[in-house]
Amino acid sequence: MEYQLDISLSDSAGVDGHDFGSGEANIFIERDDPAGTLAEVDAILSQGPRWADLRAAYRESTGDTYVVLWPVGYPEFRVG
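These numbers come from a predicted model, not from an experiment. (Residues numbered from 1 in each chain as written. Predicted model: local features only at pLDDT ≥ 70, side-chain atom pairs only at ≥ 80, totals over all residues. Heavy atoms only, no water.)

Asks: Any chance you could break down the overall build of the protein chain for me, citing the residues and the numbers?
Replies: From N to C terminus, the protein chain includes two helices and four strands. For the protein chain, the N- to C-terminal ordering of α and β elements is α-β-β-α-β-β. The C-alpha atoms of the protein chain give a radius of gyration of 12 Å, which matches the 12 Å a tight globule of 80 residues would have. Oriented by its inertia axes, the alpha-carbon framework of the protein chain measures out at about 30 × 25 × 25 Å. (Helix = DSSP H or I, 4+ residues; strand = E, 2+ residues; numbered from the N terminus. Rg over C-alpha atoms; globule rule 2.2 N^0.38 Å.)

Asks: With reference to specific residues and values, describe the pattern of salt bridges.
Replies: Taken as a whole, this structure holds two salt bridges when the rule is applied. With its nearest N and O atoms 3.9 Å apart, the salt bridge here joins Asp-33 to Arg-31. Arg-31 gets classed as partly exposed once you look at its relative accessible area, which sits at 25%. Arg-31 serves as the salt-bridge partner of Glu-40, at 2.5 Å between the closest nitrogen and oxygen. Residue class for Glu-40 comes out buried when judged on its relative accessible area of 17%. When salt bridges with common partners are traced through the structure, they connect Arg-31, Asp-33 and Glu-40 into a single cluster. (Salt bridge = Lys/Arg side-chain N within 4 Å of Asp/Glu carboxyl O. Buried < 20%, exposed > 50% of the residue type's maximum accessible area, 1.4 Å probe, protein only.)

Asks: Quick rundown of the packing of aromatic side chains? Include the residues and the values.
Replies: Counting across every chain of the model gives two aromatic pairs. For the ring pair Tyr-66 and Phe-77, a centre distance of 5.2 Å and an interplane angle of 55 degrees mean the geometry is tilted. One end of the pair, Tyr-66, is in the loop between β3 (56-58) and β4 (67-70); the other, Phe-77, is in the segment after β4, with 11 residues separating them in the sequence. Exposure remark for Tyr-66: the relative accessible area of 25% places this residue in the partly exposed category. (Phe/Tyr/Trp six-rings, centres within 6.5 Å; stacked < 30°, edge-to-face > 60°.)

As structure tokens, this is what we get:
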């Protein structure tokens, strides 16, 4: 998924690495437009087998609190 995102996201977004472990996988993307990035990720990955398991959130570059974008209403997001 990371490679697929890296080669498919527009030039305004960039994959900034990953963190795998503790039963989860995180892929970090840098961009100033979280909702726009989610729309791109949706178009790239939504037909894949793991889409139902994906969670998306963002935080300001200087912040610590994540805001959940997907799924809507998901109660909490943290990076383990």
